[in-house]
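Descriptive analysis of the structure
The residues making up each chain are set out below.
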Amino acid sequence: MKKYFGNKMAILVFTLPTLILFTLLVFYPIVQVFYKSFFDWNGLGSGVFIGFDNFIRLFDDKLFFLSNKNGFIFAAVITLFQLSMATILALAVSNLKMKGRNFFRIAYFIPVVLSVTVVCQLWLSIYNSDYGLLNRFFETLGLDFRQNWLTDRKSAIYAIAVVNAWQWMGYQFALLLAGIKSIPNSYYEAAQIDGATPVQAHMKITMPLLSETYKFCLLISVTGGIKAFTEMFIMTSGGPGTSSYTLTYMMYSAAFRSNEFGYGLAAASVLVLECLMAILVINFIFKTEPEIGGE
Amino acid sequence: MAIKKRTTKKFKLSEWLFKGFLWVYAFISLYPLVWMVLYSFKNNEEIFVSNPYGLPKIFRFENYVNAWSQYNVPQYFINSLMVAVATVFLTIVLSMMFAYATSRMKWRGRNFVRTYVAIGMFIPVQAVLIPVTKMVQTLGLTGSHWALIVPYTAFNLSFATLIFYGFFVGLPIELEEAACIDGANIFQTFFKVIVPTVTPAIATLSIFTFLNSWNEFILANVLVLDQNLKTLPLGILFFQGQFTTDWGAMGATMVIASLPTVLVYTLFSNQVEKAITVSGAVKG
């Protein structure tokens, strides 16, 4: 058996394809992101080493701060919306006695499986200021609330964030639903005997026991906000003007529009670092919280 | 949950309001979809002027015929399908072999190698967009479906290897011992004895990977420039720029693009949700 499990030839055949693919397309690129961010590089050749110049320029660039601010707004909107909605809906659907559970479960999740381009096209039509569903809806209600949702500098980023919040709510809903299902029923029975209302029971039992799930939900929505790109790319092209730029968008346009690859990669390095920071901070917050209940 | 609500009258009203809320959100979640389907059967006049939300006056199936015959939609569909199927196949095969070697075979450095591939879980695709594009060019993959299949597979490997590792590590050693006594070599044992034990995991991961690659946009957007290699998410975008006059056909294309994933989800909703929850547990 030792010879069998130590078959060097088999080990190579089994691991090499994965190692090569992963190294070439994931690991080497991430190293390149940091390394090449110190170069003045137009995408061709190897570029010129310029030390921290790209980063100095980045921290001097108003667009960089706007991008970060937008990332923050985006993260805040989707986190607030998704976590609160997903919590309420998952608690409701987890109720065994509820009629039509499967219908609700599928209805809430379905936007997740749609392509982001389809979703963006859909919302483009909904937001359209002349014939869009949203403005028509306000018209039907007799309200004078017509807005240029996506072409207004102030509202564009919020309008875009709503699209993402709407599409991915179902993801967190599914996570929380699975978490709730894994909590033994006897906990709730005990709470009921002690005279707790359903709301109290959820506050004291469900929430603390789901802290791992909440941590993960928070991780996805916060890093999702920092990384936001596709929605602005399709719906506003970062506009109007540059008002809906994000870090990824900045990187994209630096590299693929003005051929400043080094500068784009400096933005990408900051993006990676911000995501790592978010992960560390969220993990730290959840670690310091006192453990209630227990495994 | 088995909490029986104390049914006082006050409680009934709030319960009623809550039910209403659930329906309203289900409506918000589903309505854009319904609207898209209706839209795909209308002409421009109905979409913009006379009938933006209601049922179409006549169901214009010709929108689908037009989308399919006049525009590049069949090509986009085939491209999406080829890329997704190849990505699923490669991801499953490669990650299973890798997970087997790192979970059951004995060699130095196997834990290091396993952790190395797992760090991919924390690398956002957005961040490495530029170097990945360069790498795809260097490898000479541009201009074929491999330009997408190879990076998609690479980015799906980290998660898939972790899942298979979890399954393999708990299998009893007797499986290999029995096969070894029967005279099978390690490759035969792996494919004939080990692989069949994880078919549920293969199914779940296949669906998950399929959905991911069918809908992928960010990489495809920079890696595919050739009109004939575009996948559906890119095709819809192209439609927006080129044929702004035929909105009905664009609606039809959106429905065609969404149909496979919606179908896969409604048929295998439990598996899809299971895959998502597992990914939650792994990343958290």
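Residues numbered from 1 in each chain as written. Chains lettered and ligands numbered in written order. Predicted model: local features only at pLDDT ≥ 70, side-chain atom pairs only at ≥ 80, totals over all residues.

1. Focus: the overall build of chain B
The test is simple: What counts as a helix is a DSSP run of H or I of at least four residues, what counts as a strand is a run of E of at least two, and both are numbered from the N terminus. Within these notes, the globule rule equals 2.2 Å times the number of residues to the 0.38 power, and the radius of gyration is based on C-alpha atoms. Put simply, a residue is buried when 20 or more other C-beta atoms lie within 10 Å of its own C-beta and exposed when 12 or fewer do; between those, it is partly exposed, and each C-beta is set from the backbone.
Secondary structure assignment for chain B yields 14 helices and 0 strands. A compact globule built from 284 residues should have a C-alpha radius of gyration of about 19 Å, whereas chain B, at 24 Å, is more than 25% larger. Overall, the C-alpha framework of chain B stretches about 75 × 65 × 35 Å when taken along its three principal axes. Counting every position in chain B, which comprises 284 residues, the buried fraction comes to 43%.

2. Concerning the overall build of chain A
Quick note on the threshold: Two residues qualify as being in contact provided that their C-beta atoms, derived from the backbone, are within 7 Å of each other.
Within chain A one finds 14 helices and 2 strands. A principal-axis box enclosing the C-alpha atoms of chain A has dimensions of 80 × 70 × 35 Å. Looking at chain A as a whole, 46% of its 295 residues are labelled buried. Expressed as a percentage of contacts within chain A between residues at least 6 apart in sequence, the contacts between residues at least 24 apart total 69%.

3. Quick look at the environment of A:A75
All names here are of chain A. Within the element layout of this structure, A75 appears in helix α4 (residues 62-93). A sequence separation of 149 residues divides A75 from G224, and the C-alpha atoms of the two residues are 6.7 Å apart. In contact with A75, not counting residues within four places along its chain, are S221, V222, G225 and I226.

4. A few points about the packing of helix α3 (residues 62-70) of chain B against helix α13 (residues 247-267) of chain B
All names here are of chain B. Worth spelling out the cut-off: Note on geometry: axes are C-alpha line fits, over the in-contact stretch for helices, and angles between N-to-C directions span 0 to 180 degrees. An angle below 35 degrees is read as roughly parallel, one above 145 as roughly antiparallel, one from 65 to 115 as roughly perpendicular, and any other as oblique. Classes in brief: Ala, Val, Leu, Ile, Met, Phe, Trp, Tyr, Cys and Pro nonpolar; Asp, Glu, Lys and Arg charged; the others, Gly included, polar.
Close contact between α3 and α13 brings their axes to 8 Å; oriented N to C, the two are set at 80 degrees. Considering their axes alone, α3 and α13 lie roughly perpendicular with respect to each other. Where α3 abuts α13, its residues N63, Y64, N66 and A67 lie against G248, A249, G251, A252, T253 and I256. Split by residue class, the contact of α3 with α13 holds 5 nonpolar, 5 polar and no charged.

5. A word on the domain arrangement of chain B
A common way to express how large an interface is: the accessible area buried when the components associate. All names here are of chain B. In plain terms, the rule: Domains are outlined according to an automatic or database domain assignment.
Under the domain assignment used here, chain B contains domain 1 (9-64) and domain 2 (71-283). Centre-to-centre separation of domain 1 and domain 2, based on C-alpha positions: 34 Å. In this assembly, 11 residues from domain 1 lie in contact with 7 residues from domain 2. Contributing elements (two or more residues each) for the side of domain 1 that touches domain 2: α1 (9-39), α2 (44-50) and α3. Examining the composition of the side of domain 1 that touches domain 2, we find that 3 residues originate from one element, α1, more than from any other. Among the residues making up the side of domain 1 that touches domain 2, the classes are represented as 5 nonpolar, 4 polar and 2 charged.

6. Things to note about unusual backbone geometry
Residues and elements named next belong to chain A. In this model, S237 sits at a positive phi of 50 degrees, which is unusual for a non-glycine residue. Mapped onto the secondary structure, S237 falls in the loop between α12 (230-235) and α13 (247-256). S237 sits in the partly exposed class, given 13 other C-beta atoms within 10 Å. For N259, which is not a glycine, the phi torsion comes out positive at approximately 55 degrees. In this structure, N259 sits in the loop between α13 and α14 (261-288). The class of N259 is partly exposed, set by 14 C-beta atoms lying within 10 Å.

7. Some words on the nonpolar core
To keep it simple, the criterion reads: By definition, a nonpolar core groups buried Ala, Val, Leu, Ile, Met, Phe, Trp, Tyr and Cys residues that connect through C-beta atoms lying within 7 Å of each other.
Counting residues in hydrophobic clusters, the biggest one holds 164 residues, and the most contacted among them are A:F173, A:M251, A:A267, A:A268, A:L271 and B:L148. With 17 residues, helix α8 (residues 156-181) of chain A is the single largest residue contributor to this core.

8. Concerning the interface of chain A and chain B
Each side of the interface is counted separately: chain A has 74 residues, and chain B has 74 residues. The biggest single contributor to the side of chain A that touches chain B is helix α2 (residues 8-36) of chain A, with 17 residues. Residue classes in the side of chain A that touches chain B are distributed as 53 nonpolar, 16 polar and 5 charged.

9. What about the domain arrangement of chain A?
The domain boundaries assigned to chain A delineate domain 1 (1-27) and domain 2 (37-288). Relative to domain 2 of chain A, the C-alpha centre of domain 1 of chain A lies at a distance of 37 Å.

10. Concerning the environment of B:T209
Residues and elements named next belong to chain B. By the element assignment, T209 lies in helix α10 (residues 199-215). With 24 C-beta atoms packed within 10 Å, T209 lands in the buried category. The sequence separation of T209 and R110 amounts to 99 residues, and the corresponding C-alpha distance is 25 Å. The residues touching T209, leaving out its near neighbours within four places in the chain, are T87, V88, T91 and N156.

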